[in-house]
Amino acid sequence: MKRSSIKDIAKLAGVSVATVSYVLNRKEGQRISEETRKKIFEIAETINYTPNKIAKSLKTNKTKLLGLIVADISNDFYSHIARNLEDKALQLGYTLIIGSSDENAEKFEKLTQLFSQQQVDGMIVAPVAGSEKTLENLIQLKYPVVTIDRYLKGVSVPGITIDNQEIAERTTSLLLNKGFDKMIYIGYETELPHLLDRQHGFEKAISSSSKTADIQYLLVGLENIAQEVRAQLENNLGKQPENTALYFSSNKLAVAGLSYLVKNDIKVPEQVSVIAFDETDAYDLFPTEITYIQQPIEEMAEEAIKLLDGQINDYTATGKRITLSAKLVAKASLK
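Nothing here was measured: the structure is a model prediction, and the numbers come from that model.

1. Some words on the packing of helix α1 (residues 6-13) against helix α2 (residues 17-24)
Working note: a packed helix pair is described by the angle between its axes plus the distance between those axes.
In step 1: It is at 8 Å that the axes of α1 and α2 come closest, and there the two elements cross at 110°. Of the possible angle classes, the one that applies to α1 and α2 is roughly perpendicular. Counted together, I6, K7, I9 and A10 of α1 and V17, V20, S21 and L24 of α2 form the full contact between these two elements.
In step 2: The residue inventory of the contact of α1 with α2, partitioned by class, reads six nonpolar, one polar and one charged.

2. Re the pattern of salt bridges
In step 1: If you walk through the whole model with that rule in mind, you get 11 salt bridges.
In step 2: Residue R170 pairs with E166 through a salt bridge whose shortest N-O separation is 2.8 Å. With R170 and E166 both in helix α8 (residues 164-177) and four residues apart, this pair spans about one turn of that helix.
In step 3: Relative accessible area serves as the criterion here: at 41%, R170 is assigned to the partly exposed category.
In step 4: Two residues, K306 and E303, come together in a salt bridge whose shortest N-O distance is 3.8 Å. Of this pair, K306 and E303 both sit in helix α12 (residues 297-313), three residues apart, roughly one helical turn.
In step 5: Residue class for K306 comes out partly exposed when judged on its relative accessible area of 48%.
In step 6: Among the charged side chains, a salt-bridge network with shared partners connects E103, D149 and R150.

3. A closer look at the packing of aromatic side chains
In step 1: As enumerated under the stated definition, the model contains six aromatic pairs in all.
In step 2: Ring centres of F77 and Y78 lie 5.1 Å apart, and the angle between their planes is 70°; on these two criteria the pair is classed as edge-to-face. This pair shows no difference in class: F77 is buried, exactly as Y78 is.
In step 3: Between the aromatic rings of F202 and Y247, the centroid separation amounts to 5.8 Å while the plane-to-plane angle is 55°, which identifies the pairing as tilted. Separated by 45 residues along the polypeptide, F202 in helix α9 (residues 193-207) and Y247 in strand β8 (residues 244-248) bring together distant segments of the chain. Grouping residues by exposure puts F202 and Y247 together as buried.
In step 4: Put simply, the rings of Y185, F202, Y217 and Y247 touch in pairs and so form one group of aromatic residues.
In step 5: Stacked on the ring of F277, the Lys or Arg R198 has its end atom at 3.7 Å from the ring centre.
In step 6: Here the guanidinium or amino end of R321 rests over the ring plane of Y151, the centre of that ring lying 3.8 Å away.

Rules and cut-offs
- Residues numbered from 1 in each chain as written.
- Predicted model: local features only at pLDDT ≥ 70, side-chain atom pairs only at ≥ 80, totals over all residues.
- Heavy atoms only, no water.
- Axes fitted to C-alpha atoms, helices over the stretch in contact; angles between N-to-C directions.
- Helix = DSSP H or I, 4+ residues; strand = E, 2+ residues; numbered from the N terminus.
- Parallel < 35°, antiparallel > 145°, perpendicular 65-115°, else oblique.
- Contact = heavy atoms within 4.5 Å.
- Nonpolar A, V, L, I, M, F, W, Y, C, P; charged D, E, K, R; others polar.
- Salt bridge = Lys/Arg side-chain N within 4 Å of Asp/Glu carboxyl O.
- Buried < 20%, exposed > 50% of the residue type's maximum accessible area, 1.4 Å probe, protein only.
- Phe/Tyr/Trp six-rings, centres within 6.5 Å; stacked < 30°, edge-to-face > 60°.
- Lys NZ or Arg CZ within 6 Å of the ring centre and 35° of its normal.

Such coordinate-based values are descriptive only and should not be taken to indicate function.
Printed below as a string of structure tokens:
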């Protein structure tokens, strides 16, 4: 079936192709009567006219497509980020294409290549460990790219992140002031700076406090998270803990830890208080409301889209990073 064109509309409306183009693209400054405008829109709707985006992209050298690479789309944090980015992109006329790297540097690189082949105007990425070279290649190509949630040291890419160290330090100070006998930090064995910032914030609060507590660190890899967390909690927390605080540095770690607590009938917050970084719908399945650190997802998405749109329209080599603040949402899991 032949695709309807603006020439068809012009012929049916009895006007020039230029007039149809001005009306459909809602350009100002042309003396076109309201009656003619209405007629053109009605004809366009009747013959199911849709713009030829391929032809338009060839003319403008822009596809109005954006690529998004998240670390794990199954994580509620990233799915919420993706939804907000999609909404913000649509407001500026962009369509978002989403890929998940699954914390794999090779897959991350392949996704950037795929998006480049699709001629996306720019990319928003959550870089993974070992993806420095991939980002540097994009910089050399002057490809508009913005990082979100994460950053890599030594790679000058504009991005949006939160002050992970500040919120971690503030949260840890709160725990110290509650006088727990034992505090356990559950984090990752990783080189990702944003995760290390969370651990450094915890450590800074501990070192600068006069409060005394048994401080322990449980660090796991990015694979087999649930099994490792449960195994380490069994060894370090046991099944009859008292006056203990667990600080999970991600929601995935928290879900694994909460599973251990439920299985062993450990009461929250009577025996163990819990704080987790980032929220997730999985917390709703736990009998006690979980205290969590909330990142400003909507604001992060808005700033990322604005930053990328600026790079697309006027590319400049910059490592500008916008740092936002997170907040602690206190619930019943913290006594």
